[in-house]
Amino acid sequence: MIPLTANELEQRLHALPGWRVSEQQLTHTFEFKEFLAGIRFVDEVAKLAEAAAHHPDIDIRYTKIIIHLSTHDAGGITEKDFSLATEITALFAR
Ligand code: H2B
């Protein structure tokens, strides 16, 4: 899979509020009222990741869960990352 160009990334980001590009990764900080709610969210993200065979880096900082997506094989951000990011956003919204 080919990494998205800077122009493509900018366009895609408009459709995905809250996500940003930092250090060649697609990143979002999700905040929860309590620690265990964040941990449950991580568990659901893990299930989505397994189903997609695509795995984010997940940074757990108390009630803040920071998700980093990139496609290691491609050495950048691809459609796979936007696809999983869209699923994670939908998961958070429900
Ligand atoms: N996750 C991420 N984030 N990037 C990858 O390139 C990747 C992955 N590769 N999960 C997958 C697994 C690959 O190793 C398997 C064979 O699909």
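Structure: above.
Residues numbered from 1 in each chain as written. Predicted model: local features only at pLDDT ≥ 70, side-chain atom pairs only at ≥ 80, totals over all residues. Heavy atoms only, no water.

J.: Would you take a moment to explain a nonpolar patch on the surface for this structure?
T.: A surface patch of nonpolar side chains, amounting to about 490 Å² of accessible area, comprises Phe35, Leu36, Ile58, Ile60 and Tyr62. Elements that contribute at least two residues to the nonpolar patch include exactly α2 (35-52) and β3 (57-61). Topologically, Ile58 is positioned in strand β3. We classify Ile58 as partly exposed; its relative accessible area is 33%. (Patch = residues over 30% accessible without salt bridge, like charges linked within 9 Å, V, L, I, M, F, W, Y side chains within 5 Å. Areas by Shrake-Rupley, 256 points an atom, 1.4 Å probe, with all protein chains shown as cover. Salt bridge = Lys/Arg side-chain N within 4 Å of Asp/Glu carboxyl O. Helix = DSSP H or I, 4+ residues; strand = E, 2+ residues; numbered from the N terminus. Buried < 20%, exposed > 50% of the residue type's maximum accessible area, 1.4 Å probe, protein only.)

J.: Would you mind showing me how to read the sheet that holds strand β4 (residues 64-69) here?
T.: Within a sheet, each strand pairs with its neighbour through backbone hydrogen bonds, oriented either parallel or antiparallel. Within the open sheet, the 4 strands sit side by side as β1-β2-β4-β3. Their pairing is antiparallel. Each end of this open sheet is capped by a strand with a single partner; those strands are β1 (20-22) and β3. Neighbour-to-neighbour, the strand axes of this sheet turn through a mean angle of 30°, independent of strand direction. Inspection of the sheet shows β1 paired to strand β2 (residues 25-31) by 3 bridges, in the antiparallel sense. If you follow Val21 over to β2, its bridge partner there is Leu26. (Pairing = 2+ DSSP bridges. Axes fitted to C-alpha atoms, helices over the stretch in contact; angles between N-to-C directions.)

J.: How do you make sense of the pairing of β2 when you look at a structure like this?
T.: Taken residue by residue, a regular strand's side chains alternate between the two faces of the sheet. In terms of burial, β2 is a largely internal element, 5 of the 7 residues being buried. When β2 meets β4, the two strands line up antiparallel, connected through 6 bridges. Its bridge partner being in β4, Glu31 is matched across the sheet by Lys64.

J.: What am I meant to see in α2 here?
T.: For α2, with 18 residues, the first-to-last C-alpha span of 26 Å sits near the 26 Å given by 1.5 Å per residue. In the core, the buried residues of α2 are packed alongside β2, β3, β4 and α3 (79-93). Ala53 sits one or two residues past α2 and shows a positive phi near 50°. (Expected span 1.5 Å × (residues − 1). Contact = heavy atoms within 4.5 Å.)

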